[in-house]
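Each chain, letter by letter, is given below.
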Amino acid sequence: MALEVAAKAAAGAPEILGDCPFTQRVLLTLEEKKVPYKLHLINLGDKPQWFTEVNPEGKVPVVKFDDKWVSDSDVLVGILEEKYPEPVLQTPPEFASVGSKIFGSFVTFLKSKDPSDGSEQALLNELKALDEHLKAHGPYIAGEKITAADLSLAPKLYHLKVALGHFKKWTVPESLTHYHKYTELLFSRESFAKTIAEEKHIIAGWEPKVNPK
């Protein structure tokens, strides 16, 4: 039986998957574990009544387990690992937090209007740390096999590439060769191609945060 998953629809395109990296993390986990699922796309600007009834907080993603809708991508990934143990995706604890500060640093730099505030360097430091880790332990965070930490990072690194390229004409330095090999590996996986939002929807999702009215 297919799991039911409610996910953000693209702004202005209710039939297309939206730009939420946390939703993609859950979908990547389902795809990598070959768990069948049925997607409900939710227009967050006009949520359907059934969705607000089962999920009063209105958060996405939510997945239905045993007649109960559950939110929070961390919780969801944990439940999926328990219920569908093959293939094992749990990241060894010593590697679980690798790259975890990149997304916050990226958002700070993306929103920054002051070139001298140190936000670019802070992001570069985090990316260099990931590059160094991959050099020692790669090609994935925990070695030869993809794990949950990679599936959490992959959507965020794609958002970083698209949003910084569009709004700041900024790219990750070519010198971070292990980082670039890593993102190539992630972005070329079948699971990623099946679950990624279109670039234009990612840009539209960040626009109000970068240029608030």
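Residues numbered from 1 in each chain as written. Predicted model: local features only at pLDDT ≥ 70, side-chain atom pairs only at ≥ 80, totals over all residues. Heavy atoms only, no water.

Q: What should I look at first to understand the layout of surface pockets in this one?
A: Using a probe with the size of a water molecule, rolled over the atoms, empty space left in the structure can be pinpointed. The volume enclosed by the largest pocket comes to roughly 400 Å³. Around the largest pocket, the lining is made up of 21 residues, and of these Arg25, Asp74, Ala96, Ala149 and Ser152 lie nearest the centre. Split into classes, the residues belonging to the lining of the largest pocket amount to 10 nonpolar, 7 polar and 4 charged. Approximately 190 Å³ is the volume attributed to the second largest pocket. As for the second largest pocket, its lining consists of 14 residues, and the residues nearest its centre are Lys161, Val172, Tyr179, His180 and Thr183. Elements with a contribution of two residues or more to the lining of the second largest pocket: α6 (148–167) and α7 (177–187). Here the residues of the lining of the second largest pocket sort into 7 nonpolar, 4 polar and 3 charged. (1 Å grid on protein atoms, 1.4 Å probe; cavity = no way out; pocket = protein on both sides within 12 Å on 5 of 7 lines; lining within 4 Å. Points joined across faces, edges and corners; volume = space filled by probe spheres on them. Nonpolar A, V, L, I, M, F, W, Y, C, P; charged D, E, K, R; others polar. Helix = DSSP H or I, 4+ residues; strand = E, 2+ residues; numbered from the N terminus.)

Q: Hey, could you run me through the packing of aromatic side chains in this one?
A: Geometrically, a pair of aromatic rings is defined through the distance of the ring centres and the angle of the planes. Taken as a whole, this structure holds 10 aromatic pairs when the rule is applied. For the pair tyrosine 158 and phenylalanine 192, a centre-to-centre distance of 5.5 Å together with 70 degrees between the ring planes defines the contact as edge-to-face. Within this pair, whereas tyrosine 158 is found in helix α6, its partner phenylalanine 192 is found in helix α8 (residues 190–195), the two being separated by 34 residues in sequence. Each member of the pair tyrosine 158 and phenylalanine 192 is classed as buried. Here a set of aromatic residues connected by ring pairs shows up, and it is made of Phe22, Phe103, Phe106 and Trp206. One residue, lysine 156, lies across the ring of phenylalanine 103, its end atom 5.7 Å from the ring centre. Between the NZ or CZ atom of lysine 168 and the centre of the ring of phenylalanine 109, over which it lies, the distance is 4.9 Å. (Phe/Tyr/Trp six-rings, centres within 6.5 Å; stacked < 30°, edge-to-face > 60°. Buried < 20%, exposed > 50% of the residue type's maximum accessible area, 1.4 Å probe, protein only. Lys NZ or Arg CZ within 6 Å of the ring centre and 35° of its normal.)

Q: Honestly, the packing of helix α4 (residues 102–111) against helix α9 (residues 199–210) in this entry has me stumped. Any pointers?
A: Packed helix pairs are characterised by how far apart their axes lie and by the angle those axes make with each other. The interhelical angle for the contact between α4 and α9, taken along N-to-C directions, is 65 degrees, at an axis separation of 9 Å. For the pair α4 and α9, the crossing hand works out as right-handed. Across the interface between the two elements, Phe103, Phe106, Val107, Leu110 and Lys111 from α4 touch Trp206, Lys209 and Val210 from α9. Grouping the constituent residues of the contact of α4 with α9 by class yields 6 nonpolar, no polar and 2 charged. (Axes fitted to C-alpha atoms, helices over the stretch in contact; angles between N-to-C directions. Left-handed = near helix turned anticlockwise from the far one by under 90°. Contact = heavy atoms within 4.5 Å.)

Q: Looking at this model, I keep getting lost on the environment of glutamate 132. Mind explaining?
A: Along the chain, glutamate 132 turns up in helix α5 (residues 119–137). The class for glutamate 132 is partly exposed, based on a relative accessible area of 49%. As for glutamate 132 and leucine 176, which are separated by 44 residues in sequence, their C-alpha atoms are 8.6 Å apart.

Q: Looking at this model, I keep getting lost on the environment of isoleucine 16. Mind explaining?
A: The residue isoleucine 16 is located in strand β2 (residues 13–17) in this model. For the pair isoleucine 16 and glutamate 82, spaced 66 residues apart in sequence, the C-alpha separation works out to 30 Å. Those residues in contact with isoleucine 16 that sit more than four places away from it in its chain are Lys8, Ala9, Ala10, Leu41, Glu198 and His201.

Q: What's the story with the nonpolar core in this structure? I'm lost.
A: When a protein is soluble and globular, its nonpolar side chains tend to lie buried together. Core analysis: the biggest nonpolar cluster contains 41 residues, and Phe106, Leu130 and Leu160 have the highest contact counts within it. The set of elements that each furnish at least two residues to this core consists of α4, α5, α6, α7 and α9. When residues of this core are assigned to their parent elements, the largest contribution, 10 residues, is made by α6. With near-sequence residues (within four places) excluded, phenylalanine 106 lies in contact with Leu123, His159, Leu160, Ala163, Leu164 and Trp206. (Core = buried A, V, L, I, M, F, W, Y, C linked by side-chain atoms within 4.5 Å.)

Q: Can you help me understand the packing of α5 against α6 in this one?
A: At a minimum axis distance of 14 Å, the contact between α5 and α6 shows a crossing angle of 135 degrees. The orientation of α5 with respect to α6, classified from their angle, is oblique. The element α5 and its partner α6 pack so that their crossing is left-handed. For the pair α5 and α6, contact is made by Leu123, Leu127 and Leu130 and by Leu153, Leu157, Leu160 and Leu164, respectively. Here the residues of the contact of α5 with α6 are counted per class, giving 7 nonpolar, no polar and no charged. (Parallel < 35°, antiparallel > 145°, perpendicular 65-115°, else oblique.)

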